[in-house]
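Letter by letter, the chains look like this.
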Amino acid sequence: MRNYITFLLSFIISFQLYSQESKISGTIKNYYGNDSLTVVIFGSQNPSEHKIPVSKKGEFSFSYTSEGTNFIKIYFASQDFILSILAPHETLVITADYQDLSKSYTIKGPKDAELIQKNNQTLLSYIEQMNQKQMIFKQEIDSLENLKKQYVLSTIRNNPSSLSALTLIDMIDVNEHPEIYALIDSSLMKAYPNNIVVQNFHTNLNQMTHLQIGSQIPQVVLNDEHGNLVSLDSYRGKTTLLVFWATWCRPCLQEIPHIKEAYEKYHTHGFDVLSISTDNDIARWKTFITEQPVPWTTTHDSDKKYSQMFQVTGIPFTILIDAHGKIIAKNVRGGTLLEYLQQIYQ
């Protein structure tokens, strides 16, 4: 009798557990990976995560017991997932594409699970339609923007000496059309040299385009330690490093070995250096270069003319210039100089 009761209790417990079992199964189309399917069950404060093997045919099956209805999340990659709902004793059958679970899946099962799928597909359809509309709208806006730009460019080109050009110029990118800015500047300065607005435009343009990458380096004429005039124009045809420095500047002195290394390696290829001292004490500068000579020409900016022109606010300040006098890079220091020269002379 006792054995019978024990058997009966075991049967009842097993039946109750079976009745609470939830099952997820399905097929993953185009499955060619070795990765497992992850199923996360949100049934408590701490969701449980399960790794489910998938056959070579893309088939999978997973059962679990739960006391209540749970949200479940199914995925290979966490950003591409299926979200559904499953209650005890319910079965969920999923079909999806391995490449895009969230957009391709279909579900057969409980009403709530099918409703989530319907909501997801409907919302995705709206989102795709919105994206298409936005793309068409963007194309139309871009087309109008281009027509506006062409009108502005044409009007300025045809009327460069008109003050009205100043009301249009801000619509043009100076980096994209520097020639338009230069055209207005030269034309208006010739037609209205005393106009304050034109003068301000001229000043602002010089500041805006000053020392930009690709811009022409201004002329430099200074005396070397022997009093000989040295012109930066005489370096045309060479890649040149212009260096602002001072004898009292420790970072400047630490930079000299790097410059020497580059000079020794690439001077025969056409690389040269022109250094400009900003020392207030000219005698100290001359003594320094006599005691610690460098193989390139050194000059002195006695009245800080070029320090101001090049807007030097800290030293060492370097400018790498190509053979045509155009700026390649600024503040090129350390191993970066060698990297630039290697690209130029490779």
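Just so we're clear, the structure is a prediction, and the values are computed from it rather than from any experiment. (Residues numbered from 1 in each chain as written. Predicted model: local features only at pLDDT ≥ 70, side-chain atom pairs only at ≥ 80, totals over all residues. Heavy atoms only, no water.)

> What's the story with the overall build of the protein chain in this structure? I'm lost.
Assigned secondary structure in the protein chain consists of nine helices and 15 strands. Relative to its length of 346 residues, the protein chain is extended, with a C-alpha radius of gyration of 37 Å against a globular reference of 20 Å. Taken along its principal axes, the extent of the C-alpha atoms in the protein chain is 120 × 60 × 35 Å. Relative to its 346 residues, the protein chain shows a buried fraction of 37%. A separation of at least 24 residues holds for 59% of the contacts in the protein chain among residues at least 6 apart in sequence. For the protein chain, the computed accessible surface area is about 21,000 Å², with 53% contributed by carbon and sulfur atoms. Here the protein chain carries 29 positive and 34 negative side-chain charges, and the mean point of each set is 4 Å from the other. (Helix = DSSP H or I, 4+ residues; strand = E, 2+ residues; numbered from the N terminus. Rg over C-alpha atoms; globule rule 2.2 N^0.38 Å. Buried < 20%, exposed > 50% of the residue type's maximum accessible area, 1.4 Å probe, protein only. Contact = heavy atoms within 4.5 Å. Areas by Shrake-Rupley, 256 points an atom, 1.4 Å probe, with all protein chains shown as cover. Lys, Arg positive; Asp, Glu negative; His and termini not counted. Charge placed at Lys NZ, Arg CZ, Asp CG, Glu CD.)

> Can you help me understand the packing of helix α6 (residues 250–266) against helix α9 (residues 335–345) in this one?
For any two helices packed against each other, the geometry is given by the interaxial angle and the distance between the axes. Viewed as axis vectors pointing N to C, α6 and α9 meet at an angle of 15 degrees, and their least axial separation amounts to 10 Å. Judged by the inter-axis angle, α6 sits roughly parallel to α9. Note on packing geometry: the crossing formed by α6 with α9 is right-handed. On the side of α6, the interface is formed by Ile 259, Glu 261, Ala 262, Lys 265 and Tyr 266, while α9 contributes Leu 337, Leu 338, Leu 341, Gln 342 and Tyr 345. Tallied by class, residues from the contact of α6 with α9 come to seven nonpolar, one polar and two charged. (Axes fitted to C-alpha atoms, helices over the stretch in contact; angles between N-to-C directions. Parallel < 35°, antiparallel > 145°, perpendicular 65-115°, else oblique. Left-handed = near helix turned anticlockwise from the far one by under 90°. Nonpolar A, V, L, I, M, F, W, Y, C, P; charged D, E, K, R; others polar.)

> Teacher, can you tell me more about the nonpolar core here?
Most often, soluble globular proteins keep nonpolar side chains buried together rather than apart. Among the nonpolar cores identified, the biggest contains 42 residues, and Leu 242, Phe 244, Phe 271, Phe 310 and Ile 319 are the most heavily contacted of them. At the level of elements, β11 (239–245), α6, β12 (271–277), α7 (282–291), β14 (317–321), β15 (327–330) and α9 are the ones that each hand at least two residues to this core. It is α6 that contributes the most residues to this core, six residues altogether. Once residues within four sequence positions are removed from consideration, Phe 244 is found in contact with Ile 276, Thr 278, Tyr 306, Ser 307, Phe 310, Val 312, Ile 315, Pro 316 and Phe 317. Formed by 26 residues, the second largest nonpolar core is a distinct cluster that contains Tyr 31, Ile 85, Ala 113 and Ile 116. (Core = buried A, V, L, I, M, F, W, Y, C linked by side-chain atoms within 4.5 Å.)

> What am I meant to see in α6 here?
Because each turn of an α-helix spans 3.6 residues, side chains separated by three or four positions end up pointing in the same direction. The end-to-end C-alpha distance of α6 is 25 Å, a good match for the 24 Å that 17 residues give at a rise of 1.5 Å each. The largest bend in α6 is about 25 degrees, located at Ile 256, with the proline Pro 257 one to four residues further on. Here α6 has its buried residues at Cys 252, Glu 255, Ile 256, Ile 259, Ala 262, Tyr 263 and Tyr 266. Buried positions along α6 lie against β11, β12 and α9. (Expected span 1.5 Å × (residues − 1). Bend = angle between axes of the 7 residues up to and from the residue.)

> For this particular structure, what's the right way to read the packing of aromatic side chains?
For any pair of aromatic rings, the description rests on two quantities: the centre-to-centre distance and the angle between the ring planes. Under the definition given, this model contains eleven aromatic pairs. Centroid distance Phe 244 to Phe 317: 6.2 Å. Interplanar angle 40 degrees. Geometry classified as tilted. Placement of the pair is Phe 244 in strand β11 and Phe 317 in strand β14, with a sequence separation of 73 residues. As far as the burial class goes, Phe 244 and Phe 317 line up, both buried. Aromatic side chains Trp 245 and Phe 288 sit 5.6 Å apart centroid to centroid with 55 degrees between the ring planes, which places their arrangement in the tilted category. Residue Trp 245 is located in strand β11, and its partner Phe 288 is located in helix α7; the two are separated by 43 residues in the primary sequence. Accessibility assignment for this pair places Trp 245 and Phe 288 in one class, buried. Members of the aromatic cluster, joined through ring pairs, are Tyr 31, Tyr 32, Phe 76 and Tyr 98. (Phe/Tyr/Trp six-rings, centres within 6.5 Å; stacked < 30°, edge-to-face > 60°.)

> Would you take a moment to explain the sheet that holds strand β9 (residues 221–224) for this structure?
Backbone-to-backbone hydrogen bonds join strands into a sheet, with any given pair of strands oriented parallel or antiparallel. If you walk across this open sheet you meet the seven strands as β10-β9-β13-β12-β11-β14-β15, and the pairing is mixed. Both outer strands of the open sheet, β10 (229–231) and β15, are each paired with one neighbouring strand and no more. Pairs of neighbouring strands in the sheet enclose a mean axial angle of 35 degrees, with direction left out of account. Of the strand pairs in this sheet, β9 and strand β13 (residues 297–300) are connected by two bridges, and their pairing is antiparallel. The residue of β13 that forms the bridge with Asp 224 is Thr 299. α6 rests against β11 and β12 of the sheet, and its axis sits at about 155 degrees to β12. (Pairing = 2+ DSSP bridges.)

> What am I meant to see in the pattern of salt bridges here?
Two side chains of opposite charge can pair, provided their charged atoms sit close to one another. Summed over the entire model, instances satisfying the criterion amount to seven salt bridges. Linking Lys 238 and Asp 272 is a salt bridge whose minimum nitrogen-to-oxygen distance equals 3.1 Å. Here Lys 238, found in the loop between β10 and β11, pairs with Asp 272, found in strand β12; they are 34 residues apart in sequence, far enough to count as distant. (Salt bridge = Lys/Arg side-chain N within 4 Å of Asp/Glu carboxyl O.)

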